[in-house]
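Residue-level listing of the chains:
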There are 2 protein chains.
Amino acid sequence: MDSIETQIDRFFKPRNVAIIGASRRPGRIGHIVVEQMVAAKFPGRLYLINPKAAKEGRHILGIKTYASLKDCGGPIDLAIIVIPAKYVPIAMEECVEKKVSNVIIVSGGFRETGPEGIKLENQVKDLAQKGDIRILGPNCLGTFSPKTHIDTLFLPESTTPRPGVGQISFLTQSGSVGGAVMSFAYNENIGFNKFVSFGNALDVDEGDLIDYLEDDEDTKVTGLYLESINRGRKFIDICRRASRRKPFVVIKAGRSEAGTRAVSSHTGSLAGTDRIYDAAFEAAGIIRVKTIGEFFDVARALVNQPPAEGNRIGVITSGGGFGVMTIDALVDYDLQAPELSESLQKRLHTKLPHYYSVKNPVDLTGSSTAEQFAFAMNTLLESDEIDGLIVIPLFMTPLLDAEQVSQAIVEASEQRKKPIVVVSVPSTKAIRERMFKLRLAGVPAYHLPLRGARGMAALVEYGEILRRPTE
Amino acid sequence: MDSIETQIDRFFKPRNVAIIGASRRPGRIGHIVVEQMVAAKFPGRLYLINPKAAKEGRHILGIKTYASLKDCGGPIDLAIIVIPAKYVPIAMEECVEKKVSNVIIVSGGFRETGPEGIKLENQVKDLAQKGDIRILGPNCLGTFSPKTHIDTLFLPESTTPRPGVGQISFLTQSGSVGGAVMSFAYNENIGFNKFVSFGNALDVDEGDLIDYLEDDEDTKVTGLYLESINRGRKFIDICRRASRRKPFVVIKAGRSEAGTRAVSSHTGSLAGTDRIYDAAFEAAGIIRVKTIGEFFDVARALVNQPPAEGNRIGVITSGGGFGVMTIDALVDYDLQAPELSESLQKRLHTKLPHYYSVKNPVDLTGSSTAEQFAFAMNTLLESDEIDGLIVIPLFMTPLLDAEQVSQAIVEASEQRKKPIVVVSVPSTKAIRERMFKLRLAGVPAYHLPLRGARGMAALVEYGEILRRPTE
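All of these numbers come straight from a predicted model, not from anything done at the bench.

Draft legend 1. Region of interest: the overall build of chain A. Helix and strand content of chain A: 17 helices and 19 strands. Its C-alpha radius of gyration of 25 Å places chain A within 12% of the 23 Å reference for a compact globule of 471 residues. With respect to the three principal axes, the spread of C-alpha positions in chain A is 85 × 45 × 40 Å. Scored against the burial criterion, the 471 residues of chain A give a buried share of 57%. For chain A, restricting intrachain contacts to residue pairs at least 6 apart in sequence, the fraction spanning at least 24 positions comes to 75%.

Draft legend 2. A look at the pairing of strand 18 (residues 420-423) of chain A. All names here are of chain A. Burial of strand 18 is two-sided: the residues I420 and V422 facing one way and the residues V421 and V423 facing the other way are all buried. Between the parallel elements strand 17 (residues 388-392) and strand 18, the chain passes through helix 15 (residues 402-414) in a crossover that is right-handed. Two elements, strand 18 and strand 19 (residues 445-446), share 2 bridges in a ladder whose sense is parallel. What sits directly across from V422, in strand 19, is A445.

Draft legend 3. Region of the structure containing the sheet that holds strand 16 (residues 362-363) of chain B. All names here are of chain B. One open sheet accounts for 5 strands, arranged 16-15-17-18-19; its pairing is parallel. This sheet does not close on itself; its edge strands, each paired only once, are strand 16 and strand 19 (445-446). Note: strand 17 (residues 388-392) against strand 18 (residues 420-423), 3 bridges, orientation parallel. Bridging across to strand 18, L389 finds its partner in I420.

Draft legend 4. Inspection of the sheet that holds strand 15 (residues 313-317) of chain A at higher detail. Residue and element names in this part refer to chain A. Spatial strand order, 16-15-17-18-19: 5 strands in an open sheet with parallel pairing. At either margin of the open sheet sits one strand with a lone partner, and together these are strand 16 (362-363) and strand 19. Relative to the sheet, helix 17 (residues 449-467) contacts strand 15, strand 17, strand 18 and strand 19, its axis offset from that of strand 17 by approximately 165°.

Draft legend 5. Molecular detail of the pairing of strand 2 (residues 45-49) of chain B. Residues and elements named next belong to chain B. Across 5 bridges, strand 1 (residues 16-20) lies against strand 2 in parallel orientation. Pairing of I19 across the sheet is with L48, part of strand 2. Handedness of the crossover joining strand 1 and strand 2 through helix 2 (residues 29-39) is recorded here as right-handed. Relative to strand 4 (residues 63-66), strand 2 runs parallel, the two being bridged by 2 bridges. The residue of strand 4 that forms the bridge with I49 is Y66.

Draft legend 6. Molecular detail of the interface of chain B and chain A. At the junction of the two partners, chain B supplies 56 residues and chain A supplies 56 residues. For the side of chain B that touches chain A, the elements supplying multiple residues, two or more each, are helix 6 (175-187), helix 9 (257-267), helix 11 (292-304) and helix 12 (320-332) of chain B. Considering each element in turn, the side of chain B that touches chain A owes the most residues, 9 residues, to helix 12 of chain B. Per-class residue counts for the side of chain B that touches chain A are 25 nonpolar, 23 polar and 8 charged.

Draft legend 7. Spatial organisation of the confidence of the model for chain A. The predicted model of chain A has a mean per-residue pLDDT of 94, with 98% of residues at 70 or higher. Two summary scores accompany this predicted model of the complex, namely pTM at 0.92 and ipTM at 0.88.

Draft legend 8. Representation of unusual backbone geometry. Residues G137 of chain A and P138 of chain A are joined by a peptide bond in cis, for which omega reads -5°. In this fold, P138 of chain A is placed in the loop between strand 7 (134-136) and strand 8 (142-145). In the segment running from N360 of chain A into P361 of chain A, the intervening peptide bond is cis, with an omega of 5°. Structurally, P361 of chain A is set in the loop between helix 13 (342-349) and strand 16. Positive phi values are uncommon outside glycine, yet N189 of chain B reaches one of about 60°. Positionally, N189 of chain B belongs in the loop between helix 6 and strand 11 (192-197).

Draft legend 9. Highlighting the relation of the copies chain B and chain A. Overlaying chain B with chain A gives an RMSD of 0.0 Å, the required rotation being 180° about an axis along which the chain moves by 0.0 Å. Considering both components of the superposition, the chain copies are consistent with a two-fold axis. Scanning chain B for the C-alpha nearest the rotation axis identifies G293 of chain B, at a separation of 6.3 Å. Most of the interface of chain B is mirrored in chain A, where 100% of its interface residues are also at the interface.

Draft legend 10. View of the nonpolar core. In terms of nonpolar packing, the biggest core is built from 311 residues, with I81 of chain A together with I81 of chain B touching the most fellow members. Contacts of I81 of chain B, omitting those with residues within four sequence positions, involve I20, G21, V88, A91, V103, I104, I105, V106 and S107 of chain B.

Draft legend 11. Layout of the environment of E282 of chain A. Residues and elements named next belong to chain A. Relative to the helices and strands, E282 resides in helix 10 (residues 274-284). What makes E282 exposed here is the crowd of 12 C-beta atoms within 10 Å. For the pair E282 and K70, spaced 212 residues apart in the sequence, the C-alpha separation amounts to 49 Å.

Draft legend 12. Local environment of the packing of helix 15 of chain A against helix 16 (residues 429-440) of chain A. Residues and elements named next belong to chain A. With their axes 10 Å apart at the nearest point, helix 15 and helix 16 run at an angle of 20° to one another. Between helix 15 and helix 16, the crossing angle belongs to the class labelled roughly parallel. Between helix 15 and helix 16 lies a crossing of right-handed hand. On helix 16, the residues that touch A402, S406, I409 and V410 of helix 15 are R434, K437 and L438. For the contact of helix 15 with helix 16, the class distribution of residues is 4 nonpolar, 1 polar and 2 charged.

Draft legend 13. Structural detail: the domain arrangement of chain A. Residues and elements named next belong to chain A. Segmentation of chain A into domains returns domain 1 (4-301) and domain 2 (306-467). Between domain 1 and domain 2, the C-alpha centre-to-centre distance is 39 Å. Taken together, the contact pairs 11 residues of domain 1 with 14 residues of domain 2. Among the elements that make up the side of domain 1 that touches domain 2, the one with the highest residue count is helix 11 (residues 292-304) (5 residues).

Draft legend 14. View of the environment of P247 of chain B. All names here are of chain B. Within the secondary structure, P247 is located in the loop between helix 8 (232-242) and strand 13 (248-252). C-beta crowding within 10 Å serves as the criterion here: with 26 such atoms nearby, P247 is assigned to the buried category. On a C-alpha basis, the gap between P247 and N311 in space is 18 Å, while along the polypeptide they are 64 residues apart. The contacts of P247, once residues within four sequence positions are left out, are V221, I287, L302 and Y462.

Draft legend 15. Quick peek at helix 14 (residues 370-382) of chain A. The end-to-end C-alpha distance of helix 14 of chain A is 18 Å, a good match for the 18 Å that 13 residues give at a rise of 1.5 Å each. Among all positions of helix 14 of chain A, only Q372, F373, F375, A376, M377, T379 and L380 of chain A are buried.

Draft legend 16. Region of interest: the environment of D274 of chain A. Residue and element names in this part refer to chain A. Among the secondary structure elements, D274 is positioned in helix 10. D274 sits in the partly exposed class, given 16 other C-beta atoms within 10 Å. Taking the C-alpha atoms as reference points, D274 and S256, separated by 18 residues in sequence, lie 6.9 Å from one another.

Rules used in this analysis
- All residue numbers here refer to positions counted from 1 along the written sequence of the relevant chain.
- Chains and ligands are labelled sequentially in the order written, the chains with letters from A and the ligands with numbers from 1.
- Restriction of local features to residues with pLDDT of at least 70 applies here, the model being predicted, together with a cutoff of 80 or more for giving and counting side-chain atom pairs; totals for whole chains, interfaces and linings are based on all residues.
- Comment: elements are numbered from the N terminus, with helices defined as DSSP H or I runs of at least four residues and strands as E runs of at least two.
- For the radius of gyration, the atoms used are the C-alpha atoms, and the globule rule reads 2.2 Å times the number of residues raised to 0.38.
- Think of it as a crowd count around each C-beta: if 20 or more other C-beta atoms lie within 10 Å the residue is buried, if 12 or fewer it is exposed, and in between it is partly exposed, with C-beta placed from the backbone throughout.
- Residues are treated as contacting if the C-beta atoms built from their backbones sit within 7 Å of each other.
- A right-handed crossover is one whose linking path, passing over the helix from the first strand to the second, runs clockwise when the strands point away from the viewer.
- At least two bridges found by DSSP between two strands are what make those strands a pair.
- Only the contacting stretch of a helix is used when fitting its axis, a line to C-alpha atoms as for every element, and angles between N-to-C directions run 0 to 180 degrees.
- Residue polarity is assigned by list, with Asp, Glu, Lys and Arg as charged and Ala, Val, Leu, Ile, Met, Phe, Trp, Tyr, Cys and Pro as nonpolar; anything else, Gly included, falls into the polar class.
- Per-residue confidence from the predictor is reported as pLDDT, a score between 0 and 100.
- The atoms used to superpose the copies are C-alpha atoms, taken from residues with pLDDT of at least 70 in both, and the fit is least squares.
- Note on terminology: a nonpolar core is a set of buried residues of type Ala, Val, Leu, Ile, Met, Phe, Trp, Tyr or Cys, with members joined through C-beta atoms within 7 Å.
- These descriptions rest on fixed angle ranges, namely under 35 degrees for roughly parallel, over 145 for roughly antiparallel, 65 to 115 for roughly perpendicular, and the rest for oblique.
- Crossing handedness is read from the near helix: turned anticlockwise from the far helix by less than a right angle, it gives a left-handed crossing, and turned clockwise, a right-handed one.
- In this document the domain limits rely on a domain assignment from an automatic tool or a database.
- Multiplying one less than the number of residues by 1.5 Å gives the expected span of a helix.

Structure (structure tokens):
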């Protein structure tokens, strides 16, 4: 018998896949799944199950159809079920018989619809146990991984574009939020490794997936969108261990009382009070964020920069107002922006004009040059007064050589002594491209002080998580 | 003698303008100002003052140069001074002699640099009083108004693109933040009416400008970026009255103790504690935001939608997860998302499938149609259980006719019974264009639940400000 990890691995790297309910009609879920598997360049064999099409000898997108699993020649690692809920138990019986290892049940109409659905879900569960089948879903999108060429999501790429290969993985209870997260990543040029929409989590749940991703070499940061947690103790135990290996970041919706009520209406599960979740995430070493945008601000930083050794942040800016707003934002996230010592200020003034204020923020003003940025960055990075650096080169400043200051920032970042993030104003295409290049070079670059501070705060928080004593 | 309002009006609609310190060298501040005035299609006469160029009979961008103000034939409404600080008093003397009405002192090097600068600033102040001259600055960018074709900003358009004509005006103490606000507006397709960077506010300050904008027919919403307020009592008195005519939204930086220290280093002014500001803004009927992004979220709503009569918000969604996140976000902003009454739920279920949850959020699910959206919107707008509506049509939902649902939203918005804002996921170019069209039709459309909720919260807050008893 395979280990759970080996079995979960097949959701991302199945050798062969059967689509039960493959449809000939464009626009249908059973058709989109076939299209997306083809578009993903799935390297294994695809068995399309559709009794009517098989009887007529029809193909779907040029791929042969079969009347049932029995008729498929080879073994099947993964079956994707996209037929109405009431027929799912029959399909599951076939999967047991065929010794299918993994099943993704895309179909909705189970627990979330009431007592009848719960009965159906239990039937499916019994069959899964009988056949030692690992199940994702029901009521889910399944998996997407651009690296391993799998895409079971029934969201057409024309409306939900897919991100490229990267080091972020994402687990979601909600399909619509999952789709939004993917298009957000695509539009922001952020790469993904593994994406899993697990829906009702009849079998494989968020805990199992975190356990799996802890050992996944391709994943550097994992995000989770959750509305409720079914097996809380298990989840916390797994996260507490896994979070020492890599950061886990959660968007837990249903934070408010009204939101909790909305979750119950939406998923039929009990969401529990938010304070309990906060305490649980804290204990589990999980970083919590409120929104999808905030998740990416945090993920961008965690993927690229080292965790901070403390919470004292230095700010170097060419715009005084931006310095002030950044300091405010740091304090919003409970970070410190200490006034630099007299001696450090003196050292800065050896090469900076006396009228530059260098207390923190170090304000290089509209007259700043790339050399001044490089000098200020290195001086602060070498000091023991700060644990992280926010650099704000307003690239439109006339005397500032944008290429040279970018180079200096990348070099400072590559020392990996202390985390560095950049904030700038994306006024023009040229500046946006410059920020994009910084990101490619591993420097998280943000459009607003508050967002840059959020990224830095995550690096500080993850540093604190890593420094916790082991039990 | 003209009233202050009439005089301030000349900063935006001068008949003739002199640029003292116009430069022949591209890249110089004194050259950029000429370029921008030309690019803005300033309709009046431009007198360029540059003794050396005048002596050599040189032109700048084809415009004649003069040795001094005396030599200019006609009267001059506005002089823009872009020469080093120490020569500014001499230029001011010329302005007094020439009976110039308004002066923008772009030059820095005054109060913000210490005792010498303060002395210089006082000299200028005395001359202004002598000549009854209204001054903007020193240490500022001056004014920009695409409608009246003025642009005194020395930020070249190639790095700080200018927004088109709109109904938002913006006042800022910080030039760099002002530039960022303008490019943000440009990139988000948000129109501007008047932009003023007033720097050290030696004469005309934020209070005078708010007083002026209160009566300005072209301005519907005014934003302010402030780091400190010099004449607090005057400011509050003016805002208290003006905020009943139109909304004023402030970004006050230096919120934290560390941020206050940063302001003092940056501007040389005392920023005061943040709690005092909060109380003052509250008393003055001013809406406070933290970031530039948040300012635009709020301004978008206030420009287009009516204020709300109360704080009970209904949510209609085609994605359950988005419903939950939106409810959470509403609660974050102290709004209510009440559970709808049994009778209202029954009314909704007359035309919606029984398995749709309609408690609030009204979850139309992935099966939603445009008719269902229209029906749910109208039912909620007609009820007395909610005061505002957040509509979340995930345009990628397969059965949803995007054009039809947009039309229904615009129609609902045009009734102007209750404020409506939209949240959607900008996955694709087509969806972004759809959201853009909604905005053109007066429906604020946001990319994230939290941002939509922020817009709605501003409409609720402004409704509360308007309902306050007059003293």
